[in-house]
Amino acid sequence: MWSERQAAMLRAMGLRLWQPPAGEAEVPIAEPAAGPPAPAVEAAAPVSLPVAAPPRPEPRPTAGPAAAAPPRPAVTPPAAVDLGAVSGLDWQPLREAVAGCTACALSQSRTQTVFGVGHPQARWMIVGEAPGEQEDLRGEPFVGPAGQLLDAMLRALALSRAAEGEPAQRVYIANTLKCRPPRNRNPAPEELQRCEPFLVRQIELVQPRIILAMGRFAVQALLRSSEPIGKLRGRVHRYQGVPLVVTYHPAYLLRNLPDKARAWDDLCLAAEVAERGGS
Ligand code: URA
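In short, a report on the structure. (Residues numbered from 1 in each chain as written. Predicted model: local features only at pLDDT ≥ 70, side-chain atom pairs only at ≥ 80, totals over all residues. Heavy atoms only, no water.)

**Some words on the environment of Pro250**
Quick reminder of the rule: Runs of H or I in DSSP of at least four residues are treated as helices and runs of E of at least two as strands, each being numbered from the N terminus. To sort residues, take the accessible area from a 1.4 Å probe on protein chains only and compare it with the maximum for the residue type: under 20% means buried, over 50% means exposed, and anything in between is partly exposed. In what follows, a contact means two residues having at least one pair of non-hydrogen atoms within 4.5 Å.
Its location among the elements puts Pro250 in helix 9 (residues 250–255). Residue Pro250 is classed as buried on the basis of its relative accessible area of 2%. Counting along the chain gives 100 residues from Pro250 to Leu150, while the straight-line C-alpha distance between them is 6.3 Å. Excluding anything up to four places from it in sequence, Pro250 contacts Phe142, Ala146, Leu149, Leu150 and Met214.

Here's what the structure looks like:
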């Protein structure tokens, strides 16, 4: 059932190898459906949205975005601010603008915003979908079971989300949405559109050599494509000139073991591109 290579990779990820009982046919596992017609996410026009007044820009932080900032209390009085202004923000004011955002209804149900984590000059940028329950509670992306799988895959490539260290061995992780959708429902097109300037700015600040887009919402946000992951993976795309590799979302991989080998191939492709200097 598993090739030697797949088995070694799965073992490296701490996963038990499942074998069908003798005589039992293997059940084919469907690739993730393209899903309901993907909401066309239009380019976010710089619109005025109600977000809490952004704090005054502060000097560039030395410790990076993942420095242990305590969860911020919910910012209450919404004030009009142009999200276009996000495009000029440095890390700390950007983090505070996210913490105070009330641009969509998710701000009312979140425990806290989930900004992003990792090295501010990481070579790799990893883009996921939206915080889940544990991320909402902890204020950090990918800390639940999907995050543990992601960390294991990164470890196998000697990569980590630590905020300090050698940028070549570091990743920065962010989601398309900074707030948890209630009951982990899919992000809505308007939520994606309103949250997008934050992700765009994070990518601009990190200036990664490679972007790994995980799952269909990351792909929609960055490539404006609603093609299934299976059709987009295995080659190098571009986002604003930065090489981008598409792969399966780790939460999907937890349910579809055989696709882990494909995801591993995607990570290896991304690693090759990052190694080559992003060309
Ligand atoms: N899934 C995501 O896409 N992001 C998270 O932060 C957690 C789970």
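Picking up after the structure, the text goes on.
**Comments concerning the site of the ligand**
The condition is simple: Nearness here has a simple test: a residue counts as near a molecule or strand if at least one of its heavy atoms is within 4 Å of that partner. Under the rule applied, a polar contact is a pair of N or O atoms within 3.5 Å (in protein, one hydrogen donor and one hydrogen acceptor; residues adjacent in sequence only if both atoms are side-chain atoms). Using the Shrake-Rupley algorithm and a 1.4 Å probe, accessible areas are obtained, with residue cover drawn only from the displayed protein chains.
Every residue close to the ligand is listed here: Gly128, Glu129, Ala130, Glu135, Pro141, Phe142, Asn175 and His249. Within the contact set of the ligand, an oxygen atom lies 2.7 Å away from a backbone nitrogen or oxygen of Glu129. Between the ligand and the protein, one listed contact pairs a nitrogen atom with a backbone N or O atom of Ala130 at 3.1 Å. Considered on its own, the ligand offers 240 Å² of accessible surface; in the complex 91% of this is hidden by protein.

**Some thoughts on helix 5 (residues 145–156)**
Test applied: Here, expected helix span is obtained from the residue count minus one, scaled by 1.5 Å.
When the terminal C-alpha atoms of helix 5 are compared, their 17 Å separation across twelve residues agrees well with the 16 Å that a helix rising 1.5 Å per residue should span. Buried within helix 5 are the following residues: Ala146, Gly147, Leu149, Leu150, Ala152, Met153 and Leu154. Contacts from the buried residues of helix 5 go to strand 4 (124–128), strand 5 (171–175), strand 6 (210–214), helix 9 and helix 10 (259–276). Phi for Ala158, located one or two positions after helix 5, is positive at around 60 degrees.

**Topic: unusual backbone geometry**
Phi is positive for Ala158, close to 60 degrees, though the residue is something other than glycine. Within the secondary structure layout, Ala158 lies in the loop between helix 5 and strand 5. A positive phi angle, close to 55 degrees, is found at Asn184, a residue other than glycine. Judged by relative accessible area, Asn184 falls into the partly exposed class, the value being 42%.

**What to know about the packing of helix 5 against helix 10**
Rule in force here: Axis geometry follows a simple rule: fit a line to the C-alpha atoms, using only the stretch in contact for helices, then measure angles between N-to-C directions, giving values from 0 to 180 degrees. An angle counts as roughly parallel when it lies under 35 degrees, as roughly antiparallel when it exceeds 145, as roughly perpendicular when it falls between 65 and 115, and as oblique in every other case. Note on convention: the crossing is left-handed when the near helix lies turned anticlockwise from the far helix by less than a right angle, right-handed when the turn is clockwise.
Where helix 5 meets helix 10, the closest approach of the two axes is 11 Å, and the angle between their N-to-C directions is 50 degrees. In terms of their interaxial angle, helix 5 and helix 10 are classed as oblique. Helix 5 and helix 10 meet at a crossing whose hand is right-handed. Seen from helix 5, the contacting residues are Leu149, Met153, Leu154 and Ala156; seen from helix 10, they are Lys260, Ala263, Trp264 and Leu267.

**Quick notes on the pairing of strand 5**
To keep things clear, this is the line we draw: A strand pair is defined by DSSP finding two or more bridges across the two strands.
A large share of strand 5 lies buried, amounting to five of its five residues. Of the two faces of strand 5, both are covered, the one formed by Val171, Ile173 and Asn175 as well as the one formed by Tyr172 and Ala174. In the sheet, strand 3 (residues 117–118) pairs with strand 5 via two bridges, with the strands oriented antiparallel. By the bridge assignment for strand 5, Gly118 is matched with Tyr172. In this structure, strand 4 lies alongside strand 5, joined through five bridges in parallel fashion. Residue pairing for strand 5: Met125 is matched across the bridge by Tyr172.

Structural measurements only, silent on function.
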